[in-house]
Amino acid sequence: MSKIDEVKAKVEAGKSKLVPGLVQEALDAGNTPQDILDAMVASMGVIGEKFSTGEIFVPEMLVAAKAMSKGVDVLKPHLAGDGSSKLGTCIIGTVEGDLHDIGKNLVSLMIESAGFDIVDLGVDVPAEKFIEAIKENTNVKIVACSGLLTSTMPAMRKTVAAINASGLTGFKVIVGGAPVTPEFAAEIGADGFALDAGTAAVKAKELAAA
Amino acid sequence: MLTKRQNLMETIKGGKPDRFVKQYEFMNLILEAPMGAMVGPGQTIKNGWGITFTWPEGQLGGFPIHDAAHKVLKDITEWRKYVKAPAVETSDEAWAPAVAHANAVDRNEEFVTAFVAPGIFEMTHHLMGMEDALMALYEEPEDMHDLIDYLVDYELAYAKVMVDHIHPDAIFHHDDWGSQRSSFVSPEMFEEFFVPAYKKIYGFYKDNGVELIVHHSDSYAANLVPAMIEMGIDIWQGVMTTNNVPELIKKYGKQISFMGDIDSGVIDFAGWTPEIVAEYTEKACKQCGKLYFIPGASHGLNFGCYPGVYESNDEAIDKMSKEMF
């Protein structure tokens, strides 16, 4: 097994104590930092697929993400540029009136693992705060709105409408959460919908590249 | 006509019920039992474990706060230092209202039911935050086992006092084990960490006069049904439509019954109407049938989030009983 394959395997297995050493070994073996990073991103893509199909669950996703994060810490001093992501920035939050965060946190983790910089606004986020965050951050490519409650779907509608009416451009809006459907997403003017954390990362990459 | 208790037993034993069980009607919930501080609408409180809960106005429930200033347990390896169970209330004076209520119940008609919340899984993430609790199952399994044992011991200490005072016939026990679409942990992890805990807890109740264990989890948890049977659950309340309830009834009905198949999100919201409630109730009753199934909203306890919904659901179930029995 090559060093890079070992890194991939251990990220997928969530071995956060082993991954930093393996990443260093992969660097020492002559692999480029970008190749190693791309390999870890691919591992998280596998994790996302397995989560979407029900093969793995939240703990497995969390420990894999932690393992990747430990690996990225080793790579950071070696990566070229100012450290900002090639894929851009994702602003994410749970909409106003809703305090649920675990779904939003998992999506955040997977989108970051896919290669975006994340700005997490937290929970109970009014529309104005999403708009402020878009203005204050550079290279915003994705704005992700999460909501778990049927009763906060009006807030999601209001948020997406406000973002669309703001005149700000250069990004796409995705929505998700238990009561959200593709039909609702289209109705309220979102650019995309994701069923879960795994597919959210895939959708974010697709929309950012479009 | 069968009593509510008899009708429930006929339903879950596969006998001859004469109508649909109407949601919680068979459970006379003794909510006066001392349970420690619980957050109410508009409040922020710290409970006996040191966990801070907030319930902002306009929200449907309370949430624990897990920022750095409020999280009780930041490092699972130090749980013994930071997790201190509150004293169990034992005074007759504190239990008097619950005892009076329990003694007033006609046990031929209804089950005297104790409500227990939060459950063991919930306690781990109330103390640590969800992400830390779930990762700790992988990273520090021995400490998690020990913490869970400590939490079980606390519940058993409370259970003994509760049983001594009100002699419950049924337990309605809260512990959410999943999201709408998946369980939080794999069946294997659940078997390792939480099945032994609940076998002890539900085993204690059944050894001490409790006839019925009703477990609440308004979630997906179809993959945990074998474990529910193993731990002694008689009725899974809160079973959401994402579980394919008719299939579960077919596969497991003789071993466990299912209460729900009407997702609260689609009937219990600001714009609800009796027609919407009736539509989803009819669908649930027709697809799930008369045995091993109790129709009702997935939400826990015998009230809706919006006024009138629970009662409308009862009316819709009455209508289905007239039509199908």
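What counts, and where the lines are drawn
Residues numbered from 1 in each chain as written. Chains lettered and ligands numbered in written order. Predicted model: local features only at pLDDT ≥ 70, side-chain atom pairs only at ≥ 80, totals over all residues. Helix = DSSP H or I, 4+ residues; strand = E, 2+ residues; numbered from the N terminus. Rg over C-alpha atoms; globule rule 2.2 N^0.38 Å. Buried ≥ 20, exposed ≤ 12 C-beta atoms within 10 Å, placed from the backbone. Contact = placed C-beta atoms within 7 Å. Axes fitted to C-alpha atoms, helices over the stretch in contact; angles between N-to-C directions. Left-handed = near helix turned anticlockwise from the far one by under 90°. Nonpolar A, V, L, I, M, F, W, Y, C, P; charged D, E, K, R; others polar. Core = buried A, V, L, I, M, F, W, Y, C linked by C-beta atoms within 7 Å. Domains from an automatic or database assignment. Expected span 1.5 Å × (residues − 1).

> What is the right way to look at the overall build of chain B in this model?
The helix and strand inventory of chain B stands at 13 helices and 10 strands. What you see for chain B is a C-alpha radius of gyration of 20 Å, in line with the 20 Å of a compact globule of 325 residues. By its C-alpha atoms, chain B is 60 × 40 × 40 Å across when sized along the principal axes. A total of 325 residues make up chain B; the buried ones form 46% of that total. Contacts in chain B between residues far apart in sequence, at least 24 positions, make up 67% of those at least 6 positions apart.

> Just to check I follow, could you spell out the packing of helix α4 (residues 120-128) of chain B against helix α6 (residues 141-166) of chain B for this structure?
What describes two packed helices is the angle between their axes and the distance between those same axes. Residue and element names in this part refer to chain B. One way to put it is that α4 packs onto α6 with a least axis distance of 10 Å and a crossing angle of 115°. The hand of the α4/α6 crossing is right-handed. In this structure, α4 uses Ile120, Met123 and Thr124 to contact α6, whose residues at the interface are Leu147, Ile148, Leu151 and Val152. Residue composition of the contact of α4 with α6, grouped by class: 6 nonpolar, 1 polar and no charged.

> Just checking my understanding: could you explain the nonpolar core for this structure?
Nonpolar side chains tend toward joint burial in soluble globular proteins. Residue and element names in this part refer to chain A. Among the nonpolar cores identified, the biggest contains 160 residues, and Val7, Met61, Met110, Val143 and Ala204 are the most heavily contacted of them. Counting residues per element, this core draws most heavily on helix α4 (residues 58-75), at 9 residues. When we break this core down by domain, the ones giving at least three residues each are domain 1 (3-78) and domain 2 (89-209). Not counting the four nearest positions on each side in its chain, Val143 is found in contact with Ile91, Phe130, Ile134, Ile163, Phe171 and Val173.

> What is the right way to look at the environment of Ile111 of chain A in this model?
All names here are of chain A. In this fold, Ile111 is placed in helix α5 (residues 102-113). Judged by C-beta crowding, with 29 C-beta atoms within 10 Å, Ile111 ranks as buried. Residues in contact with Ile111, not counting those within four places in the same chain, are Cys90, Phe116, Ile118, Ala200, Ala201 and Ala204.

> I keep staring at the interface of chain A and chain B and nothing clicks. Help me out?
Interface extent is often summarised as the accessible area lost during association of the parts. Taken together, the contacts link 18 residues of chain A with 22 residues of chain B. A per-element tally of the side of chain A that touches chain B places α4 of chain A first, with 5 residues. Split by residue class, the side of chain A that touches chain B holds 10 nonpolar, 6 polar and 2 charged.

> Explain the environment of Asn47 of chain B to me, please; I cannot follow it from the model alone.
Residues and elements named next belong to chain B. Structurally, the position occupied by Asn47 is in the loop between β2 (44-46) and β3 (52-54). When the 18 C-beta atoms within 10 Å are taken as the criterion, Asn47 is described as partly exposed. Separated by 39 residues in the primary sequence, Asn47 and Pro86 have C-alpha atoms spaced 8.9 Å apart. Not counting the four nearest positions on each side in its chain, Asn47 is found in contact with Gly36, Ala37 and Phe53.

> Got a minute to help me understand the environment of Ala190 of chain A in this structure?
Residue and element names in this part refer to chain A. Mapping Ala190 onto the fold places it in the loop between α8 (182-187) and β5 (192-194). Put simply, Ala190 and Thr159 are 31 residues apart on the chain and 10.0 Å apart in space, counted from C-alpha to C-alpha. Excluding its chain neighbours within four sequence positions, the residues that come into contact with Ala190 are Val160, Val173, Ile174, Val175 and Ala185.

> Explain helix α3 (residues 33-52) of chain A to me, please; I cannot follow it from the model alone.
Residues and elements named next belong to chain A. Helix length check: α3, at 20 residues, gives a terminal C-alpha distance of 29 Å against a target of 28 Å (1.5 Å per residue), a fit within 8%. Those residues of α3 hidden inside the fold are in contact with α1 (3-12), α2 (19-28), α4, α5 and α9 (197-209). Of the residues trailing α3, Gly54 is marked for its positive phi of about 80°.

Functional significance is not addressed by these values, which are geometric in nature.
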